[in-house]
Amino acid sequence: MTPTPPKIRILLADDHTLVRRGVRLILDAEPDLEVVAEAADGAEAVAALRDVQVDLVILDVAMPRMTGLQAARTIARMRTPPKMLMLSMHDNEQYFFEALKVGASGYVLKSVADEDLVDACRTAMRGQAFVYPGAMSALVRDYLDRLRRGESLPRTVLTEREDEVLKLIAEGHSTREIARELTISYKTVERHRENILAKLGLRDRTQVTRYAIRAGLIEP
């Protein structure tokens, strides 16, 4: 009699309790998948990995405190990082490219999670990349449109620390609050703020917030 292979152990991170509950029901219904831990933001997910051994982490792209993309960067630097999948409500090519860049094996839309997520989990565990059906034609079309307009593909221009500062600025935190949250000095925050505005060509908090939404740092 062939022994039953061990289940794929999954950490699920999303700041919406109902979303986590729904996704967990989908995954736990499969004989080879098991959600063994949950987190409400990226920081919780990173912390949970110190205590729980998992094969796969599913991260919502935009979460408070630390986004899924920021958490994925941190997780990818671990000695033996688990596989990662990004989950998002946004059909957005910038999020998709950034997800691959930070080490994720794929990008799944929440709107079709009941159809795609199980397949994405198994694809990731085989060491392959998962691209949700329909995404490639949209990405190619968008890429060709950008070329026609003479635009370049989105690329990361900020450091990880600047990403953290940008997210907190966009969420409405003051310089003093940001300094306390990141355990850095007031002057360091101000320097990061100046660098962010200069690099991105932005002038005020409103423009910073719009950029942060496009980059997946905060929810619209």
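For every chain, the first residue of its written sequence is number 1, and the numbers climb from 1 along that sequence. Residue-level local features of this predicted model are given only where pLDDT is at least 70; pairs of side-chain atoms are given and counted only at 80 or more, and the full residue set underlies all totals for whole chains, interfaces and linings. To get the side-chain values, all heavy atoms of the structure are used, and hydrogens and water are removed first.

### Considering the overall build of the protein chain
Think of it this way: any DSSP run of H or I at least four residues long counts as a helix, any run of E at least two long counts as a strand, and we number them from the N terminus. In terms of regular secondary structure, the protein chain is built from 10 helices and six strands. Contacts are assigned to residue pairs that have any heavy atoms within 4.5 Å of one another. Looking at the protein chain alone, contacts between residues at least 24 apart form 63% of all its contacts between residues at least 6 apart. Working note: accessible area of the protein chain is about 11700 Å², and carbon and sulfur atoms make up 51% of it. In these tables, accessible area is a Shrake-Rupley quantity obtained with a 1.4 Å probe, and a residue counts as shielded only by the protein chains included in the view.

### Overview of the side chain of His192
On the secondary structure map, His192 appears in helix α9 (residues 186–200). Buried means the residue's accessible area, taken with a 1.4 Å probe over protein chains only, is under 20% of the maximum for its type, while exposed means over 50%, and partly exposed covers the values in between. On the basis of relative accessibility, which here comes to 13%, the residue His192 falls in the buried class. Discounting residues that sit within four places of it in the chain, His192 has contacts with Arg161, Glu162, Val165 and Ile184.

### Some points on the layout of surface pockets
Where empty space is left in the structure can be found by rolling a water-sized probe over the atoms. There is about 170 Å³ of room inside the second largest pocket. Cavity and pocket criteria rest on a 1 Å grid covering protein atoms alone: a 1.4 Å probe that fits but cannot get out defines a cavity, protein on both sides within 12 Å along at least 5 of 7 lines defines an open pocket, and an atom within 4 Å of a point defines a lining residue. Residue lining of the second largest pocket: Ala43, Arg65, Met66, Gln70, Arg161, Glu164, Lys167, Leu168, Glu181 and Leu182, and that is the complete set. At the level of secondary structure, the elements contributing two or more residues to the lining of the second largest pocket comprise α7 (160–170) and α8 (175–182). Among the elements that make up the lining of the second largest pocket, the one with the highest residue count is α7 (four residues). Side-chain classes follow a simple rule in which Ala, Val, Leu, Ile, Met, Phe, Trp, Tyr, Cys and Pro form the nonpolar group, Asp, Glu, Lys and Arg form the charged group, and the remainder, Gly included, forms the polar group. Here the residues of the lining of the second largest pocket are counted per class, giving four nonpolar, one polar and five charged. Both of domain 1 (8–143) and domain 2 (160–215) provide at least three residues apiece to the lining of the second largest pocket. Grid points are joined across faces, edges and corners, and a volume is the space filled by probe spheres set on the points. Each domain's extent was defined by an automatic or database domain assignment.

### Here's the deal with the environment of Thr67
Tracing the sequence through the fold places Thr67 in the loop between β3 (56–60) and α3 (68–76). The sequence separation of Thr67 and Asp41 amounts to 26 residues, and the corresponding C-alpha distance is 6.8 Å.

### Re helix α5 (residues 113–125)
Multiplying 1.5 Å by the residue count of a helix minus one yields the expected span of that helix. For α5, which comprises 13 residues, the first-to-last C-alpha distance of 17 Å matches the rise-based estimate of 18 Å (1.5 Å per residue) to within 8%. Of the residues making up α5, those classed as buried are Ala113, Asp116, Leu117, Val118, Ala120, Cys121, Thr123 and Ala124. Looking one or two residues beyond α5, the residue adopting positive phi is Gly127, at roughly 80°.

### Looking at the nonpolar core
Take the buried residues of types Ala, Val, Leu, Ile, Met, Phe, Trp, Tyr and Cys, join any two whose side-chain atoms come within 4.5 Å, and each joined set is a nonpolar core. By size, the foremost hydrophobic cluster in this structure holds 27 residues, and its most contacted members are Leu11, Val57, Leu59, Ile75, Met84, Met86 and Tyr107. Of all elements in the fold, only β1 (8–13), β2 (33–39), α2 (42–48), β3, α3, β4 (83–88), α4 (93–101) and β5 (106–109) reach the threshold of two or more residues within this core. If you tally residues by element for this core, the top one is α3, at four residues.

### Describing the sheet that holds β2
A pair of strands counts as paired when DSSP detects no fewer than two bridges linking them. With parallel pairing, the six strands of this open sheet are ordered in space as β2-β1-β3-β4-β5-β6. Each edge of the sheet is formed by a strand with only one pairing partner; in this case those strands are β2 and β6 (130–131). Across two bridges, β5 lies against β6 in parallel orientation. Each residue of the ladder has a partner; that of Tyr107, found in β6, is Val131. Taken strand by strand, helix α1 (residues 17–28) contacts β1, β2, β3 and β4, and its axis lies near 160° from that of β2. An axis is simply a line fitted to the C-alpha atoms; with a helix, the fit covers only the stretch in contact. Between two such axes, the angle follows the N-to-C directions and lies from 0 to 180 degrees.

### As for the pattern of salt bridges
Here a salt bridge means any side-chain nitrogen of Lys or Arg lying within 4 Å of a carboxyl oxygen belonging to Asp or Glu. The full count for this structure, using the stated rule, is 13 salt bridges. As a salt-bridge pair, Glu171 and Lys167 come within 2.8 Å of each other at their nearest N and O atoms. On the basis of relative accessible area, Glu171 is assigned to the partly exposed category, the value being 35%. According to the relative accessible area criterion, Lys167 is buried, its value standing at 1%. Here the residues in one salt-bridge network are Arg20, Arg24, Asp28 and Glu38, joined through shared partners.

### So, α1
Taking 1.5 Å of rise per residue, 12 residues should cover 16 Å, and α1 covers 16 Å from first to last C-alpha, within 8% of that figure. Buried within α1 are the following residues: Arg20, Val23 and Leu27. End-on, the buried residues of α1 take up no more than an arc of 75°, which puts them together on one face. Among the exposed residues of α1, those pointing more than 90 degrees away from its buried face are Leu18, Arg21 and Leu25. In the core, the buried residues of α1 are packed alongside β1, β2, β3, β4 and α5. Read the arc as the range of directions from the helix axis to the C-beta atoms.

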